[in-house]
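Structure at a glance
For reference, the chains in residue letters:
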Amino acid sequence: EHVFANLKALGIPPSVLCDDVTFLRRVTLDIGGRLPTEEEATAFLASQDEGKRDKVIDDLLRSPDYADFFANKWTALLKNRRDDESDTVSNFAFHAWVRDSFLANKPYDQFVREVLAATGTVIGNPPVAWYKRVKEPKQQIEDVAQLFLGVRMQCAQCHHHPFERWSQDDYYSLAAFFSQVGRKPSGTRGEDLIFHKRGIATAANMKTGVPLKPGALGDTIPEIAADEDPRLKLADWMGSKNNPFFAKSLVNRYWKHFFVRGLIEPEDDIRDTNPPTNPALLEALEKQFVVSGFDLKELVRVITQSRAYQLSEVPNQHNIVDRQNYSRYYPRRLQAEVLLDAIDRLAGTQTDFANLPPGTRAVALPDNSYNRSSQFLRVFGRPEAESVCECERVRSSSLAQSLHLLNAPELK
């Protein structure tokens, strides 16, 4: 409703609804990270059921393909990176935990809480693996703010930009939530035991030297006792129905996943000077997500069942230049893993990966280490999991890609 109200106000007629063939291919790629099978396509096209599109969406959301595809997305953003072989245990465990979370449709606020407040060892509690890659409080708050709140805090560490809201005090107040994270060697080589050290949580402003108690981007946090883990208080604030960033950041990120462009762009840069292209739509999505209990599958269902998502990619004479109002579907390149799996399916071949069962799909790979053994994944831009920014994934074309498709031994 909000998309088409905006288009009407702008005088931009939308494209027509896409046909069944296009819809099936699009939604299977976007939810399951794969092409539809011949059997799925034959049954779908032959069906006269008016609700068959909704049924396909539900089937995909129940499938392990959905869990594989979105675990692939989130483990990269959560920096599940292998620098040496000592990382293998934690990487496999963390990937399996993320995948199982999506398969079980764990509420998003609970998923984030279990990452932020993780304690123990990676064997007993796999989310602890996040603290292996993100060790310093400053790095922790910068990643948390950008990934889960859509707020880039890096500049506020050193100065208060005159046109932005966040100050150095905001930066170090947020860092104070992680000031009591302790670590010590565990019984597993290369793995630490993460624990709450106890004590009054503070972080000193680098410029003034004043110690600051935990604070959440302008919101007041109740006094935190010495024996309370401040990270739990941060998770409480983030999962609050009144949080102005948490749900908004996630629905904007998922809107971009399905529509190529976020309502706020870049998707992790929510600020007063970067307003959404359709504020009413963003607010409606945010409210729906909160009311659903932070249900990720329901959010995907709402987006993909919409007429806006199901528009044709073919422009009409009035919307051919539109790139931000969703008057048509904006085509995009397949990501590296999906493209490799698609080629294998089409050619009837199989790409095998070390230490994984034969037939494992590229979208189900647990970490970045497989980029080193697969030139295809490197050339087509699979991320190295070094950043919380989705911009690390390369979507553009290159001469190397063209030459690889022409000359690579595995494609001959």
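Quick summary incoming for the structure in this document.

Thresholds, definitions, all that
- Residues numbered from 1 in each chain as written.
- Predicted model: local features only at pLDDT ≥ 70, side-chain atom pairs only at ≥ 80, totals over all residues.
- Heavy atoms only, no water.
- Patch = residues over 30% accessible without salt bridge, like charges linked within 9 Å, V, L, I, M, F, W, Y side chains within 5 Å.
- Areas by Shrake-Rupley, 256 points an atom, 1.4 Å probe, with all protein chains shown as cover.
- Salt bridge = Lys/Arg side-chain N within 4 Å of Asp/Glu carboxyl O.
- Helix = DSSP H or I, 4+ residues; strand = E, 2+ residues; numbered from the N terminus.
- Disulfide = S-S within 2.5 Å.
- Buried < 20%, exposed > 50% of the residue type's maximum accessible area, 1.4 Å probe, protein only.
- Core = buried A, V, L, I, M, F, W, Y, C linked by side-chain atoms within 4.5 Å.
- Contact = heavy atoms within 4.5 Å.
- Expected span 1.5 Å × (residues − 1).
- Axes fitted to C-alpha atoms, helices over the stretch in contact; angles between N-to-C directions.
- Parallel < 35°, antiparallel > 145°, perpendicular 65-115°, else oblique.
- Left-handed = near helix turned anticlockwise from the far one by under 90°.
- Nonpolar A, V, L, I, M, F, W, Y, C, P; charged D, E, K, R; others polar.
- Pairing = 2+ DSSP bridges.

1. A few points about a nonpolar patch on the surface
Together, Leu 399, Leu 403 and Leu 406 line one region of the surface with nonpolar side chains, adding up to about 340 Å² of accessible area. With respect to the element layout, Leu 406 can be found in helix α18 (residues 399-407).

2. Digging into the state of the cysteines
Inspection of the entire model under this criterion finds one disulfide. Note on cysteine connectivity: Cys 389 is disulfide-linked to Cys 391, with sulfurs 2.3 Å apart. Where Cys 389 bonds to Cys 391 through sulfur, the torsion about that S-S bond is close to 135°, and the disulfide is right-handed. Residue class for Cys 391 comes out exposed when judged on its relative accessible area of 59%.

3. Some thoughts on the nonpolar core
By size, the foremost hydrophobic cluster in this structure holds 96 residues, and its most contacted members are Trp 74, Tyr 108, Phe 148, Phe 178, Met 238 and Tyr 254. Residues in contact with Met 238, not counting those within four places in the same chain, are Val 112, Leu 116, Val 144, Phe 148, Leu 149, Asn 243 and Phe 246. Counting residues in hydrophobic clusters, the runner-up holds 11 residues, among them Leu 339, Phe 353, Leu 356 and Leu 377.

4. Let's talk about helix α2 (residues 20-32)
Helix length check: α2, at 13 residues, gives a terminal C-alpha distance of 17 Å against a target of 18 Å (1.5 Å per residue), a fit within 8%. Counting buried positions along α2 yields 10 of 13 residues, so the element is predominantly enclosed. Contacts from the buried residues of α2 go to α3 (38-46), α4 (52-62), α5 (64-77), α12 (246-259), α14 (296-305) and α15 (336-347). The positive-phi residue at the C-terminal boundary of α2 is Gly 33, with phi of around 65°.

5. Here's the deal with the packing of helix α6 (residues 88-103) against helix α7 (residues 108-116)
As a packed pair, α6 and α7 sit with axes 11 Å apart at the nearest point and diverge in direction by 160°. One finds that α6 runs roughly antiparallel with respect to α7. Regarding α6 and α7, the two cross each other, and that crossing is right-handed. Between α6, through Trp 97, Val 98 and Ser 101, and α7, the contact on the second element is made entirely by Phe 111, Glu 114 and Val 115. Across the contact of α6 with α7, the residue classes break down as four nonpolar, one polar and one charged.

6. Focus: the pairing of strand β2 (residues 192-196)
Here strand β1 (residues 181-185) runs beside β2; their pairing, made up of five bridges, is antiparallel. By the bridge assignment, Lys 184 is partnered in β2 with Leu 193. Here β1 folds back onto β2, and the loop between the two strands holds six residues, one of which, Gly 190, carries a positive phi near 85°.

7. With respect to the pattern of salt bridges
Following the criterion strictly, the structure yields 34 salt bridges and no others. A salt bridge links Asp 65 to Arg 34; the shortest N-O distance between them is 2.7 Å. Of this pair, Asp 65 sits in helix α5 while Arg 34 sits in the loop between α2 and α3, placing them 31 residues apart in sequence. Looking at Asp 65, the relative accessible area reads 16%, which means it is buried. Judged by its relative accessible area of 9%, Arg 34 falls in the buried class. One salt bridge in this structure joins Lys 213 and Glu 223, with 2.9 Å as the shortest N-O distance. Of the two residues, Lys 213 sits in the loop between β4 (211-212) and α11 (230-238) while Glu 223 sits in the loop between β4 and α11, which places them 10 residues apart along the sequence. Through salt bridges that share partners, Arg 34, Glu 40, Asp 65, Asp 68, Arg 99, Asp 100 and Arg 361 make up one connected network.

8. Section: the side chain of Lys 73
Locating Lys 73 in the fold gives a position in helix α5. In this structure Lys 73 touches Arg 253, Tyr 254, His 257 and Glu 390, once residues within four positions along its chain are discounted.

9. Quick notes on the packing of α12 against helix α13 (residues 279-291)
For the pair α12 and α13, interaxial distance at closest approach is 9 Å and the crossing angle is 110°. One element, α12, and the other, α13, form an angle in the roughly perpendicular class. Crossing of α12 against α13: the hand is right-handed. Mapping the contact onto sequence places Ala 247, Lys 248, Leu 250, Val 251, Asn 252 and Trp 255 in α12 and Leu 281, Leu 282, Leu 285, Glu 286, Phe 289 and Val 290 in α13. Looking at the contact of α12 with α13 residue by residue, the classes come out as nine nonpolar, one polar and two charged.

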